[in-house]
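Secondary and tertiary structure notes
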Amino acid sequence: MSQAQAEIYDLGYQHYDGPRGGRMQAVKSLWVNSFRTTIGLGRGARAKILPVLMSLFVIAPPAVFLVIAAVSPVAAQVSHADFYTATSILLLLFSAIIAPELLIPDRRNGVTTLYLVRPLTAFDYVIARWSAFLTVALLVTLFGQVLVLIANSLAAEQAREFLQENWLDIPRFILAGVIITVFVTTIPMAVAAFTDRRAYAAAFVIAAFVITTPMSGLLTTEWCERSMTFAVESGEIVEELGPEECRRITGDYAKWFVLLDVGQAPTHLGDMLFDDDTPDDASILVAELPPAVPIVWYGLLVVGPGALLLWRYRSMSI
């Protein structure tokens, strides 16, 4: 540009005259951003694949059951607890992969220090990210349970009588959904707070749940044996089988070792809520413990990582 074409504009300093939302508006904006990030809005097509697949996998089984109950007069009713057992595994995989997306990119790009200034505090940042992910997981989970409730009412002879007799299932599956989603939200986000690699965070969370399952199963395995005696009658050898005796490798301590399966901690509370009539082996062992034990164990698995998550961000220097 030549000197003859140059122009200088003296605009002076101008004050910002726009709206000032304050702390709550900042938290709300961050929550909306986190919600959109979780479901892939505003991002490429690849970012939307996993949220869509997770939603389909969680909703598809109760949706199919709903269709069967609507068209078949002999459809059987199912338990809400059974669907939660499968749902919790899918939610764990989903949260292990998606939750780090809400925290790690901000730290790697140096954006966290811009967030953690007044009026937005470390607690505000963490709770906005955490609650947004929790909302998505809870909406998907409860939608599937509502479909199960509708299908069960259609499978019953009288839908109104069924709802009148089983209306307590509604607060139960809502509370069970909150228990599961709080669990699968807190632990992956706590892990993501201590690494700058999303793959490492996801791998650590998945490995923690995968490894503890066979470890707990090995320590609580039940094996049975039966004694055999031989007798001679009329010149022939006759075999006689004694009563079958079953025992567990860890004996009476098996009911404690079953808690090592970390991924089943919210499921145990769900079984207590629904009072499942067909419990599996792990649920039978947990039932031998005082009811406060699985509740306290779940609380430790949630409160501990949650406290670490908050401490990590409150200790960051700005």
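Our subject in this report is the structure included herewith. Keep in mind the model is a prediction, meaning the values are calculated, not measured.

1. Side note on a nonpolar patch on the surface
- A cluster of nonpolar residues, W167, L168, I170, I174, L175 and V178, forms a patch on the protein surface that exposes about 500 Å² of accessible area.
- For L175, the position within the fold is in helix α8 (residues 169–192).
- A residue is classified by how much of its surface remains accessible, and L175, at 41% relative accessible area, is partly exposed.

2. Some points on the nonpolar core
- Membership of the largest hydrophobic core comes to 57 residues, with the highest contact counts inside it found for F183, L309 and Y313.
- Beyond its immediate chain neighbours, meaning those up to four positions away, L309 contacts L103, V126, M189, A190 and A193.
- In this structure, A254, L259, V286 and V293 belong to the second largest nonpolar core, which totals seven residues.

3. Here's the deal with the packing of helix α6 (residues 122–155) against helix α7 (residues 159–166)
- Closest axis-to-axis distance for the α6/α7 pair is 7 Å, and the angle between their directions is 130 degrees. The orientation of α6 relative to α7 falls into the category oblique. Like other packed secondary-structure pairs, α6 and α7 cross with a definite hand, here right-handed. Along the contact surface, α6 presents L149, N152 and S153, while α7 presents A159, F162 and L163.

4. Some thoughts on the environment of F143
- You can see F143 is positioned in helix α6.
- The exposure class of F143 is partly exposed, given its relative accessible area of 44%.
- Placed 84 residues apart in sequence, F143 and I59 show a C-alpha to C-alpha distance of 7.3 Å.

5. Section: the packing of aromatic side chains
- As enumerated under the stated definition, the model contains seven aromatic pairs in all.
- Consider the rings of F183 and F209, whose centres lie 6.0 Å apart with planes at 55 degrees: the pair is tilted. Of this pair, F183 sits in helix α8 while F209 sits in helix α9 (residues 198–219); the two residues are 26 residues apart in sequence, bridging distant segments of the chain.
- Accessibility expressed as a relative area gives 1% for F183, which makes it buried.
- These aromatic residues form a ring-pair network of at least three members: Y115, Y125 and Y313.
- Above the ring of F194, the side-chain terminus of R312 is found at 5.7 Å from the ring centroid.

6. Structural notes on the side chain of T38
- Assignment of secondary structure puts T38 in helix α1 (residues 22–39).
- With a relative accessible area of 0%, T38 lands in the buried category.
- Within the structure, the side chain of T38 is placed 2.8 Å from the backbone oxygen of S34, a separation counted as a polar contact.
- If sequence neighbours within four positions are ignored, T38 has contacts with P51, F94, I98, L102, F133 and V136.

7. A short note on α1
- If you check α1, its first and last C-alpha atoms are 27 Å apart, about what 18 residues at 1.5 Å a residue would give, namely 26 Å.
- Restricting attention to buried positions, one finds in α1 the residues V27, L30, S34, T37 and T38. End-on, the buried residues of α1 take up no more than an arc of 95 degrees, which puts them together on one face. Away from its buried face, by an angle of more than 90 degrees, α1 presents the exposed residues M24 and K28.
- G40 lies just past α1 and shows a positive phi near 85 degrees.

Quick notes on the rules
- Residues numbered from 1 in each chain as written.
- Predicted model: local features only at pLDDT ≥ 70, side-chain atom pairs only at ≥ 80, totals over all residues.
- Heavy atoms only, no water.
- Patch = residues over 30% accessible without salt bridge, like charges linked within 9 Å, V, L, I, M, F, W, Y side chains within 5 Å.
- Areas by Shrake-Rupley, 256 points an atom, 1.4 Å probe, with all protein chains shown as cover.
- Salt bridge = Lys/Arg side-chain N within 4 Å of Asp/Glu carboxyl O.
- Helix = DSSP H or I, 4+ residues; strand = E, 2+ residues; numbered from the N terminus.
- Buried < 20%, exposed > 50% of the residue type's maximum accessible area, 1.4 Å probe, protein only.
- Core = buried A, V, L, I, M, F, W, Y, C linked by side-chain atoms within 4.5 Å.
- Contact = heavy atoms within 4.5 Å.
- Axes fitted to C-alpha atoms, helices over the stretch in contact; angles between N-to-C directions.
- Parallel < 35°, antiparallel > 145°, perpendicular 65-115°, else oblique.
- Left-handed = near helix turned anticlockwise from the far one by under 90°.
- Phe/Tyr/Trp six-rings, centres within 6.5 Å; stacked < 30°, edge-to-face > 60°.
- Lys NZ or Arg CZ within 6 Å of the ring centre and 35° of its normal.
- Polar contact = N/O pair within 3.5 Å; in protein donor to acceptor, adjacent residues only side chain to side chain.
- Expected span 1.5 Å × (residues − 1).
- Arc of directions from axis to C-beta.

The quantities given are spatial measurements derived from coordinates; they are silent on function.
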